[in-house]
Amino acid sequence: EDSLAILPRNMGQQAVAGQKKKAAPRKFIPAQKGALITDNPLEEECPYTFSDSPAYLRQKKAEDEAKRAVELEGKEETRGFLRSVEELAHKQRWDEAFQVLEKRTAVPSGLFLVTRALLRWKFCHYSSALHDAEEALKNYGSSTKAGPLAAALASFARLCLGSEVQDKGSCSKDLRPLLDAWEQAEHAALTRHALGQGLFKPRKEERLQEPGCPVDGMQAEDGTYSAGGGIRLGYVLLKNQKDLNAPVVLHFHGSGETAADYLRPQLAEKYRDLPVHLFVADYRGYGWSGGEPSLATFLKDAEPLAEKLPELFVQHGLSWPYPGGLILSGRSIGAQVAVHLAVLFPTLFRALVLDSAVATSATGDRLGEARLAVLKQWHKELENANLEVLQPLDADLWRLGTLDKMRAFNGQLLLLHGLADDLVPYEGSESLHAATPSKQKELVLVKDASHNNIGHHAEYWHALRRFALKVQLDSTLPSVGPALEHLCAVCGQKAASKCGRCQKVWYCSRSHQAEHWKTHKASCSGTVEPKVVKEADASLVTLVLAEISSSKSLTNLTRTLATVLTQEHVAGVYISWHADTADLAREVEAQLAQTRGKSSKTVMWLESRVKKSDFEHLKAAAALLAGASQAWVSVVRPGQIWNPRFSSLVMPTLRRASADSRVTAVRCTRCVRPVEDGICSTQEEVEKALVAGTCKISEAPEEVDSLLVHAKTLQVFLDTTPLPALQHPFCAYRYVQKMCNAFGKKVMDAALPEGEWMRFESKALAMEAEEQEESGDNLLRGQELVKNSSQRFGDTSEPTEELPSRLSDADEAAEMIGGIRTSITRRLILRAGETLEAKELRELSMDVVTDAVEAAGLDQVIGIQSWARQTALELAQAAADKLDVKLREK
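Residues numbered from 1 in each chain as written. Predicted model: local features only at pLDDT ≥ 70, side-chain atom pairs only at ≥ 80, totals over all residues. Heavy atoms only, no water.

Participant: How would you explain the overall build of the protein if you had to name every residue and give the values?
Facilitator: In terms of helices and strands, the protein carries 28 helices and 24 strands. Across the 890 residues of the protein, 49% fall into the buried class. Taking the contacts inside the protein whose residues are at least 6 apart along the sequence as the reference set, 75% of them involve residues at least 24 apart. Surface accessibility of the protein: about 43,800 Å² in total, with carbon and sulfur atoms responsible for 50%. (Helix = DSSP H or I, 4+ residues; strand = E, 2+ residues; numbered from the N terminus. Buried < 20%, exposed > 50% of the residue type's maximum accessible area, 1.4 Å probe, protein only. Contact = heavy atoms within 4.5 Å. Areas by Shrake-Rupley, 256 points an atom, 1.4 Å probe, with all protein chains shown as cover.)

Now the structure itself:
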């Protein structure tokens, strides 16, 4: 729009008044071909003039502003103000000079604003001083005197406050490199300051997978915001559903905490009862935030958060301006961040809460050469502007600490500290209380409270509740500022339209609305409601499958039953067992009777006269579940040891699963297994082994005993599985696949705390016996394959060393064939009891054999395809006969 390269011929000519407008242009055809056309009589006059050019208008505006600044600085009234200040300054009566400028603001020239900014800084009005300097730069930056002074003072103010310097480019060319050196010196001093060594203790946390409710009445959400430099910092928002207009507490936690810690039900319940909404921000390296924490960045990183609060509030369904007001809060080192924001944004927050505040601050390079060089150049520029009388005020231009900033705070203030705090002495809070000029301040010292347990004292929460209520009801406190334009919930730019369903969330374009719908959908119902997790009644029963072959296996059964029957939420235990001898059977009967007599739970058993497979025992035990069709079933075998809290840990997940008809099983794969061969006999031994490192917690693969299955689903599986499949050692594979991969159904993972174990099992316990069947037949087939392949290779000219190494070893060939047999059997056991076409069976088996042949490097062997077809058909036919898979010729 700034281009002036192509202009109509008559641009700049004023239209003659009363001139008749020409008719619509027609196509102009010159009378003579080849002639030089210098004029088009049909050309329409341009309705624009040169003065309408956007580039010209911007240049004109800048010139007018510069002219206005010179006029204001030359006015007698302005020079009179400055002469009054000069006279008072010579007498060191700075307070009177400050009062003169505070009362006389009719002519805000550039030099006037710079002078007032310096005096406001001296009298600890830091936010107002920064505002004056930046206003002078914005309105009078073109002034040769006021512009560079305003830019320099704005840069000084931000550097001293610990903020990010923004206006270095507008400073004089002599001052810019000196200012860069000062900024680098401050950063280096803060980075190596002793206060920061070991202060920060970052800890990573996982984000919420979806909004939830840690306690009734509090909805938890999380997110991130950009802190500059490509770093994104995380936060947690707890919205109080019991008081939607409660104040919002913007909280900065201590160095040993994370925002996710405030999701714990105990803390969330306390803030719900205050009542407040809680917005907790993380530092770099904490939670899911990027970067590394540092004294040089942790104050600056909070400023973008304060600036983006309108956008974040709208994104999470809160109105802006927020009617309940904002309370700024900081704990321990977070108190310094809270004080920093309270000074920079005095009209944004209604009140300030400091909990166990660290009053000692890292003040940077106050006496360094870089700062002195900047001030020396600053003196020269004041002289050039005839303001050398203001040079003594530079003594206050240095890095401000928390105590210095508290002298600028004049709002509602609550300080909390424990008298027994030996980590951060309570005298620091007393100093902060004395430093602030506010008359609405309160200091609460909690008796017997230390730094980390002050939240366990009722007096602490009573003081917070009283303060929050006072802030909410006090209409004289500052609001969060004027109403802002609606912002896009995705990019934060000016929004043009809003969600047509809830009429609350705004967007700049339809594409951003579509992008945000996945997040917004859960709360888009006119009012933001917390996501309610549906639950239903659930009970847990246990099926024990036992083959007793010795006294040791009977002892294992007794120990397993002891760990199961002590569970609070286990409703009953149903046992199917078989003993190898009559003596063992009598011992088992007596032991079970004794166990039932000691327990108040239902204990039933069924003895088998013959040895059975695990799933035959499972079917027998399930037959005892009459009247418990709505229960959840856990399968246990002798030797397993349950965590004492097993049922308590898994019961919340079972209640949620009971309310969802799609859930067929609950997956609980976390178990303890020995690092080397070993067996634990009791729960106490398992705990000791974990401490000693001889056992470790691991996620076991999906197995029969890692699934808690609904009783009705289990019964359907047993009814649809033929007896040959139940007797087969690979029936466990069928069981897991049917439970976890049923169409339209799902398996729910148990929500377990970190570090909790659920069951112990030794390496010897494996539900599925993976031993290869028909090992003799595998060996014969392997020998034949090696012999035939070697002969066929021998007929070629290929060197012997290039033959596949597998062909020279019959045992390895037998192992390959055993793998083929296993793969075919696994595929067919899923179809047990069904009818397959012969073609489908051949294709199924050929896929397995072809993959095995290619993996072994045998695909180039002459005649291997005929061997593969024959072997695949024979192995598949044998497996189909064993598993009751019927064949139908098409």
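Having seen the structure, we can now continue with the description.
Participant: Summarise the nonpolar core; cite the residues concerned and give the values.
Facilitator: The biggest cluster of nonpolar side chains holds 99 residues, and the ones touching the most others in it are Phe252, Leu352 and Leu354. The dominant element in this core, judged by the number of residues it contributes, is helix 6 (residues 146-161), at 12 residues. Contacts of Leu352, omitting those with residues within four sequence positions, involve Leu328, Ala338, Val339, Ala342, Met406, Phe409, Gln412, Leu413, Leu414 and Phe467. Ala631, Val633, Phe717 and Ala872 belong to the second-largest nonpolar core, a separate cluster that totals 60 residues. (Core = buried A, V, L, I, M, F, W, Y, C linked by side-chain atoms within 4.5 Å.)

Participant: I'd like to hear about the sheet that holds strand 1 (residues 212-215), residue by residue, with values.
Facilitator: Whenever strands of a sheet pair, they do so through backbone hydrogen bonds, lying parallel or antiparallel. The strand order 1-2-3-5-4-6-7-8-9 describes an open sheet built from nine strands, whose pairing is mixed. Taken across any chain shown, the strands that pair with only one partner, and hence form the sheet edges, are strand 1 and strand 9 (441-446). The mean angle between the axes of side-by-side strands here comes to 25°, regardless of whether they run parallel or antiparallel. Where strand 4 (residues 248-252) meets strand 5 (residues 277-281), five bridges bridge the pair, whose relative direction is parallel. Among the inter-strand pairings, Phe252 is bridged to a residue of strand 5, identified as Ala281. Helix 15 (residues 458-473) contacts strand 6 (326-331), strand 7 (351-355), strand 8 (412-418) and strand 9 of the sheet and is inclined by roughly 175° relative to strand 8. (Pairing = 2+ DSSP bridges. Axes fitted to C-alpha atoms, helices over the stretch in contact; angles between N-to-C directions.)

Participant: Residue-level account of the packing of helix 27 (residues 838-855) against helix 28 (residues 864-882), with values.
Facilitator: At a minimum axis separation of 8 Å, helix 27 and helix 28 run at an interaxial angle of 125°. Comparing the axis directions of helix 27 and helix 28 gives the class oblique. Every pair of crossing elements has a handedness; the one defined by helix 27 and helix 28 is right-handed. Taking contact as the criterion, the partners of Leu841, Arg842, Ser845, Met846, Val849 and Val853 in helix 27 are, on helix 28, Ile864, Trp867, Ala868, Arg869, Ala872, Leu873, Ala876 and Gln877. (Parallel < 35°, antiparallel > 145°, perpendicular 65-115°, else oblique. Left-handed = near helix turned anticlockwise from the far one by under 90°.)

Participant: If you had to explain a negative patch on the surface to someone new, which residues and values would you point to?
Facilitator: Together, Glu843, Asp847, Asp851 and Glu854 give the surface a local cluster of negative charge. Looking at the secondary structure, you find Glu854 in helix 27. (Patch = residues over 30% accessible without salt bridge, like charges linked within 9 Å, V, L, I, M, F, W, Y side chains within 5 Å. Salt bridge = Lys/Arg side-chain N within 4 Å of Asp/Glu carboxyl O. Lys, Arg positive; Asp, Glu negative; His and termini not counted. Charge placed at Lys NZ, Arg CZ, Asp CG, Glu CD.)

Participant: Explain the pairing of strand 9 residue by residue, including any values.
Facilitator: Two faces, one strand: in a regular strand the side chains alternate between the faces of the sheet. Two strands pair when backbone bridges link them, and strand 8 and strand 9 are joined in this way by six bridges, in the parallel orientation. Its bridge partner lying in strand 9, Gly418 is registered against Val446.

Participant: Explain the pattern of salt bridges to me, and be specific about the residues and the numbers.
Facilitator: Considering all chains together, one arrives at 30 salt bridges under this definition. The partner of Arg586 in a salt bridge is Asp583, and the shortest N-O contact between them spans 2.1 Å. One end of the pair, Arg586, and the other, Asp583, are both in helix 18 (residues 582-598), three residues apart, so they sit about a helical turn from each other. Of the charged contacts, one joins Glu761 and Arg673 as a salt bridge, the two residues approaching to 2.4 Å between their closest N and O atoms.

Participant: Tell me what's going on with the environment of Leu708, and back it up with residues and numbers.
Facilitator: With respect to the helices and strands, Leu708 occurs in strand 20 (residues 707-710). You can call Leu708 buried: its relative accessible area is 0%. In sequence terms Leu708 and Thr664 are 44 residues apart; their C-alpha atoms lie 8.7 Å from each other. If sequence neighbours within four positions are ignored, Leu708 has contacts with Leu540, Trp632, Val633, Ser634, Phe646, Val650, Leu654, Thr664, Ala665, Val666 and Cys668.

Participant: Describe the sheet that holds strand 13 (residues 570-579), listing the residues and the values that go with them.
Facilitator: Read from one edge of the open sheet, seven strands run 14-13-12-15-20-17-21, paired in mixed fashion. Each edge of the sheet is formed by a strand with only one pairing partner; in this case those strands are strand 14 (602-607) and strand 21 (746-749). For this sheet, the mean angle separating the axes of adjacent strands, direction not counted, is 25°. Where strand 13 lies against strand 14, six bridges are found, and the strand directions are parallel. Each bridged residue has a counterpart across the sheet, and for Ile575 the counterpart in strand 14 is Trp605.

Participant: Break down the packing of aromatic side chains for me, with residues and values.
Facilitator: The tally for this structure, following the rule as stated, stands at 17 aromatic pairs. Here Phe156 and Trp378 contribute two aromatic rings whose centre-to-centre distance is 5.2 Å and whose plane-to-plane angle is 75°, an arrangement assigned as edge-to-face. Residue Phe156 is found in helix 6, and its partner Trp378 is found in helix 12 (residues 369-384); the two are separated by 222 residues along the sequence. The residues Phe156 and Trp378 share a single accessibility class, namely buried. Judged by centre distance (5.8 Å) and plane angle (70°), the rings of Phe200 and Phe298 are edge-to-face. One end of the pair, Phe200, is in the loop between helix 7 (175-191) and strand 1; the other, Phe298, is in the loop between strand 5 and helix 9 (302-307), with 98 residues separating them in the sequence. Taken together through their ring pairs, the aromatic side chains of Phe200, Tyr283, Tyr286 and Phe298 make up a single cluster. The ring of Phe730 has Arg826 lying over it, and the distance from NZ or CZ to the ring centre is 5.9 Å. (Phe/Tyr/Trp six-rings, centres within 6.5 Å; stacked < 30°, edge-to-face > 60°. Lys NZ or Arg CZ within 6 Å of the ring centre and 35° of its normal.)

Participant: Describe helix 21 (residues 683-692), and please don't skip the residues or the numbers.
Facilitator: Because the α-helix completes a turn every 3.6 residues, residues three or four places apart line up on one side. Within the span of helix 21, buried status applies to Gln683, Val686 and Ala689. Across the axial projection of helix 21, the buried residues extend over an arc of 120°, all falling on one side. The exposed set on the far side of helix 21, more than 90 degrees from its buried face, consists of Lys688, Val691 and Ala692. Against the buried residues of helix 21 lie helix 17 (551-565), strand 16 (641-642), strand 18 (670-674), strand 19 (695-699) and strand 22 (759-760). (Arc of directions from axis to C-beta.)

Participant: Please give an account of the environment of Ala711 that cites residues and values.
Facilitator: Its location among the elements puts Ala711 in helix 22 (residues 711-720). Residues Ala711 and Leu540, 171 residues apart in the sequence, show an inter-C-alpha distance of 9.7 Å.

Participant: Any chance you could break down the side chain of Arg284 for me, citing the residues and the numbers?
Facilitator: When you line up the elements, Arg284 lands in the loop between strand 5 and helix 9. With a relative accessible area of 17%, Arg284 lands in the buried category. A distance of 2.7 Å separates polar atoms of two side chains, one belonging to Arg284 and the other to Asp301. (Polar contact = N/O pair within 3.5 Å; in protein donor to acceptor, adjacent residues only side chain to side chain.)

Participant: Describe unusual backbone geometry, naming the residues involved and giving the relevant values.
Facilitator: Residue Leu274 is joined to Pro275 through a cis peptide bond whose omega torsion reads -5°. By secondary structure assignment, the location of Pro275 is in the loop between helix 8 (265-272) and strand 5. For the peptide bond that leads from Trp320 to Pro321, omega is 0°, which places it in the cis range. The phi torsion at Cys124 lies on the positive side, around 65°, for a residue other than glycine. Note on placement: Cys124 falls in the loop between helix 4 (110-122) and helix 5 (126-140).

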